[in-house]
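Coordinate inspection notes
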Amino acid sequence: MPLQITHHPDYDAGFAVNHRFPMSKYPLLMQALVARGLTGALHQPTPAEVQWLKLAHDAAYVEQVIDCSVPAKIEREIGFPVGPRVSLRAQLAAAGTVLAARLALEHGIACNAAGGSHHARRAQGAGFCTFNDVAVAALTLIGEGRAGNVLVVDLDVHQGDGTADILRDEESVFTFSMHGERNYPVRKIASDLDIGLPDGLEDGAYLERLADVLPRLCSLRRWDLVFYNAGVDVHAEDRLGRLSLSDAGIRARDRLVIETFRARGMPLCGVIGGGYSTDVPALAARHAILFEEAAAAA
């Protein structure tokens, strides 16, 4: 069975090639997936319904993003202006994760070719994140009665502060973040479980820590749905990373996460998370690893 993938051409908001956020990775990722023969089950989202967004974010902030009236101070914290293309992109990426989550419940595994915007907090965006797509999707599916116990496994190199902020009082969701301890954000918001890693950690030590914690997460509850943020900014060549994983280490990480939950029959929804290498084609290939490993488990 082909891997179920959600994607929209407008995930690319058309930033300049020298922008700190490598927007061109989204079309390059799709080119990589086409080259690997992984696009046999593509699904295109429509913009997220406003009520979904307001489950995770303050209504006033949601309206600011939709109306392109985000205050300049918040835009600076996000890292770019929120004009029409960025607003549309944020709405589509959130909807893409909602759709991928629904497909994961139906097929066992699915991935959004965007998503992982885990720094967006309830009241505002931050850190290149406008809407928190995983929080939106988790709360939407819980509200629809499709999922009762949801786990967030966030392995982006940066701590998932926004996800922790939005979901801290949601008893149906358990948030786990394993990240660079000394990296952004400086002021972290506690997840249900956080593991902070030292700078320069390499494949072996990283995978050892992950292999230790995943069975413990599985034992907490029978998860109806697992969201997996597979950020590749853990790579040694990432500009914003400070860890030292290789491509092979990222592949072993993704395989370990996917096999752990799929072996137990738990549906998994993957999102791509962060990646900031200046070699954007290599970055896109790194993001494609998630889809290769997910396809092997589909």
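Reference entry: report on the structure contained in this document. In every chain, residue numbers begin from 1 and rise along the written sequence. Confidence filtering applies because this is a predicted model: local features only for residues at pLDDT of at least 70, side-chain atom pairs given and counted only at 80 or more, and all residues used for totals across whole chains, interfaces and linings. Working from all heavy atoms in the structure, the side-chain values ignore hydrogens and water.

1. Topic: the nonpolar core
By nonpolar core is meant a set of buried Ala, Val, Leu, Ile, Met, Phe, Trp, Tyr and Cys residues that side-chain atoms within 4.5 Å join together. Three labels apply to residues, based on accessible area from a 1.4 Å probe with only protein chains included: buried if under 20% of the type maximum, exposed if over 50%, partly exposed otherwise in between. Of all hydrophobic cores here, the largest spans 99 residues; its most connected members are Val-153, Leu-155, Phe-176, Tyr-206, Phe-227, Phe-261 and Phe-291. Strands here mean DSSP runs of E at least two residues long; helices mean DSSP runs of H or I at least four residues long; both are numbered from the N terminus. Per-element tally for this core: the top contributor is helix 5 (residues 84–107), with 11 residues. If we skip the residues at most four places from it in the chain, Tyr-206 touches Leu-155, Met-178, Leu-197, Leu-201, Val-234, Leu-243, Leu-245 and Arg-253. Residue contacts are counted whenever heavy atoms from the two residues lie within 4.5 Å of one another.

2. Observations concerning the pairing of strand 5 (residues 173–180)
Judged by how many residues are buried, strand 5 sits mostly within the fold: 8 of 8 residues are covered. In this description, strands pair whenever DSSP reports at least two bridges between them. Looking at chain direction, strand 4 (residues 150–154) and strand 5 are connected through 5 bridges and run parallel. By the bridge assignment, Leu-151 is partnered in strand 5 with Phe-174. Viewed with both strands pointing away, a crossover whose connecting path from the first strand over the helix to the second turns clockwise is right-handed. In terms of handedness, the path from strand 4 via helix 7 (residues 161–167) over to strand 5 forms a crossover that is right-handed. With 5 bridges joining them, strand 5 and strand 6 (residues 193–197) adopt parallel strand pairing.

3. Remarks on the side chain of His-118
Among the structural elements, His-118 can be located in the loop between strand 3 (109–112) and helix 6 (133–143). For the purposes of these results, a polar contact is taken to be a pair of N or O atoms within 3.5 Å, where, inside protein, one atom must be able to donate a hydrogen and its partner to accept one; residues adjacent in sequence count only when each atom of the pair is a side-chain atom. A distance of 3.3 Å separates a polar atom in the side chain of His-118 from a polar atom in the side chain of His-119. Discounting chain neighbours no more than four positions away, the residues touching His-118 are Cys-129, Asn-132, Asp-154, Asp-156, His-158, Gln-159, Gly-160, Asp-161, Gly-162, Thr-163 and Asn-229.

4. So, the pairing of strand 7 (residues 225–229)
With respect to burial, strand 7 is a largely interior element, 5 of its 5 residues being buried. Of the two faces of strand 7, the one carrying Leu-225, Phe-227 and Asn-229 and the one carrying Val-226 and Tyr-228 are both buried. As paired elements, strand 7 and strand 8 (residues 268–271) share 4 bridges and run parallel to each other. Bridge assignment links Phe-227 to a residue of strand 8, and that residue is Cys-269. Read as a crossover between parallel neighbours, the route from strand 7 over helix 9 (residues 247–262) to strand 8 is right-handed.

5. Structural notes on the environment of Leu-220
Here Leu-220 is to be found in helix 8 (residues 203–220). The spacing of Leu-220 and Phe-174 is 46 residues in sequence and 9.3 Å in space, taken between C-alpha atoms.

These figures come from the coordinates and say nothing about function on their own.
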